[in-house]
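Results of the structural survey
Okay, here's what each chain looks like letter by letter:
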Amino acid sequence: TAAAYTSAAPGVHTDDGGVALSTANQLTVNARVQEQLTFCVGGTTVDIATTLITTDCGVAFTGSGTCGNTVDLGVIGSTTSVSPVATTSNGNTCNGAAMVRTNAANGVTVSYLAEQDTASGKLKVPGATCSGVSNTDQCFNSSGATQSTITAGSEAFGMTIAAVNCVSSTAYACTFAGGTYNLARNANYDGNGTNTYGTSQGFAWVDTYSQSTQTTIASSAASAVKVVDDEALMLKFAAQAALTTPSGSYTVDSTYIATATF
């Protein structure tokens with residue numbers, strides 16, 4: 001019993017005891033990444049997906065001194081003129097290009113609106129009145145919303161995206177030929193449908209105007225990686241005149257819009 005143990009006769013040591021104390025608190029770390037969207041459109045003399053157009057939107061496009069914001073298809077005849085058209089045919093050797101950078105978690109969409117002149121966004125002589133699909137007014141017939149090739153003898157105007165140029169992309173591996181780009185072309189604006197330059201590309205052009213129904217030409221929304229690092233759409237334009245297309249100087253303006261979903 002306890003009474004059997006004294007300071008003089010403590011008995012045999014068998015055990016030790018102690019009391020442990022512990023307490024805990026949490027520390028929360030917060031951070032923010034701001035939304036980013038950079039977009040630029042212009043003319044470029046670049047005509048291949050592996051040649052640098054520009055490092056980013058803060059630097060002028062290659063050949064911008066020649067192109068500005070204009071693509072000149074030169075003298076249009078009964079054969080299809082496709083940009084870039086050489087100066088020997090009165091063109092300015094330029095394509096169009098639209099470059100975008102964004103960290104949008106849900107992707108970015110690029111679209112366009114054909115600006116209206118006399119109620120039409122066709123390639124036309126300014127001020128001319130367009131009459132449907134006539135081959136005798138001063139308005140080129142548009143290729144329409146669905147991509148199609150321009151047939152011999154027909155009058156037509158359209159646009160396509162020949163390639164996605166991502167030479168400027170540094171945040172991830174990106175090549176057009178390898179199909180490793182995030183900004184996917186719309187099926188009606190994908191050239192000949194492959195990652196090469198075809199000789200029989202399809203073209204499309206929507207000449208109506210509605211802020212609520214912009215025409216989408218490319219998007220990263222469906223890509224596995226939705227952010228885009230300075231990928232550029234190479235815009236090629238084409239026109240062909242009918243034998244009865246009236247003479248004149250034809251033009252059309254279009255506005256391009258990048259819409260990011262964060």
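Remember, it's a predicted structure, so these values are computed and weren't measured experimentally. (Residues numbered from 1 in each chain as written. Predicted model: local features only at pLDDT ≥ 70, side-chain atom pairs only at ≥ 80, totals over all residues. Heavy atoms only, no water.)

1. Digging into the overall build of the protein chain
Along the protein chain, the regular secondary structure elements total one helix and eleven strands. If you list the helices and strands of the protein chain from N to C, you get β-α-β-β-β-β-β-β-β-β-β-β. For the protein chain, the C-alpha radius of gyration of 31 Å lies well beyond 18 Å, the compact-globule estimate for 262 residues. With the principal axes as the frame, the protein chain shows a C-alpha extent of 130 × 35 × 30 Å. Burial status across the protein chain gives 40% buried among its 262 residues. For the protein chain, long-range pairs separated by at least 24 residues make up 73% of all intrachain contacts whose partners lie at least 6 apart in sequence. Here the protein chain displays about 13700 Å² of accessible surface, and carbon together with sulfur accounts for 52% of that area. Charged side chains of the protein chain number 7 positive and 16 negative; the gap between the two group centres comes to 4 Å. (Helix = DSSP H or I, 4+ residues; strand = E, 2+ residues; numbered from the N terminus. Rg over C-alpha atoms; globule rule 2.2 N^0.38 Å. Buried < 20%, exposed > 50% of the residue type's maximum accessible area, 1.4 Å probe, protein only. Contact = heavy atoms within 4.5 Å. Areas by Shrake-Rupley, 256 points an atom, 1.4 Å probe, with all protein chains shown as cover. Lys, Arg positive; Asp, Glu negative; His and termini not counted. Charge placed at Lys NZ, Arg CZ, Asp CG, Glu CD.)

2. Structural notes on the state of the cysteines
As enumerated under the stated definition, the model contains four disulfides in all. In this model, C130 is linked to C139 through a disulfide, with the two sulfur atoms separated by 2.1 Å. Handedness of the C130-C139 disulfide follows from its S-S torsion of about -90°: it is left-handed. C139 carries the same exposure label as C130, and that label is buried. (Disulfide = S-S within 2.5 Å.)

3. A few points about the sheet that holds strand 4 (residues 108–114)
One open sheet accounts for four strands, arranged 7-9-4-11; its pairing is antiparallel. Of all strands in the sheet, those with a lone pairing partner are strand 7 (184–185) and strand 11 (254–260), marking the two edges. One ladder, built from four bridges, connects strand 4 with strand 9 (residues 215–219); its direction is antiparallel. Paired with Y112 across the strands is T215, a residue of strand 9. (Pairing = 2+ DSSP bridges.)

4. Here we look at the nonpolar core
M159, I217 and L233 are the most contacted members of the largest nonpolar core, which has 50 residues in total. Mapped onto this core, the elements with two or more residues apiece are strand 3 (95–102), strand 4, strand 6 (156–165), strand 8 (203–205), strand 9, strand 10 (228–240) and strand 11. Here this core takes seven residues from strand 10, the largest share from any one element. Sequence-distant contacts of L233, that is, excluding residues within four places in its chain, are made with G96, A97, A98, V110, I161, A163, V164, L183, I217 and A218. (Core = buried A, V, L, I, M, F, W, Y, C linked by side-chain atoms within 4.5 Å.)

5. Some remarks on the pattern of salt bridges
Taken as a whole and judged by the stated rule, the model has five salt bridges. The partner of R101 in a salt bridge is D229, and the shortest N-O contact between them spans 3.6 Å. A residue pair is termed long-range when its members are at least 10 positions apart, and R101 in strand 3 and D229 in strand 10 qualify at 128 residues. Across the pair R101 and D230 runs a salt bridge, and its minimum N-O distance is 2.5 Å. Here R101, found in strand 3, pairs with D230, found in strand 10; they are 129 residues apart in sequence, far enough to count as distant. (Salt bridge = Lys/Arg side-chain N within 4 Å of Asp/Glu carboxyl O.)

6. Re the side chain of S134
Within the secondary structure, S134 sits in the loop between strand 4 and strand 5 (144–148). Side-chain polar atoms of S134 contact the side chain of T136, separated by 2.9 Å. Sequence-distant contacts of S134, that is, excluding residues within four places in its chain, are made with C139, N141 and E155. (Polar contact = N/O pair within 3.5 Å; in protein donor to acceptor, adjacent residues only side chain to side chain.)

7. What about the packing of aromatic side chains?
Here the structure, examined in full by the defined rule, presents eight aromatic pairs. The rings of Y112, F157, Y189, W205, F237 and Y256 are connected pair by pair, giving a single aromatic cluster. (Phe/Tyr/Trp six-rings, centres within 6.5 Å; stacked < 30°, edge-to-face > 60°.)

8. A look at unusual backbone geometry
Here the bond from S83 into P84 is cis, since omega is 0°, no more than 30 degrees from zero. Its identity is not glycine, yet N90 carries a phi of approximately 70°, on the positive side. Note that N90 resides in the loop between strand 2 (81–82) and strand 3.

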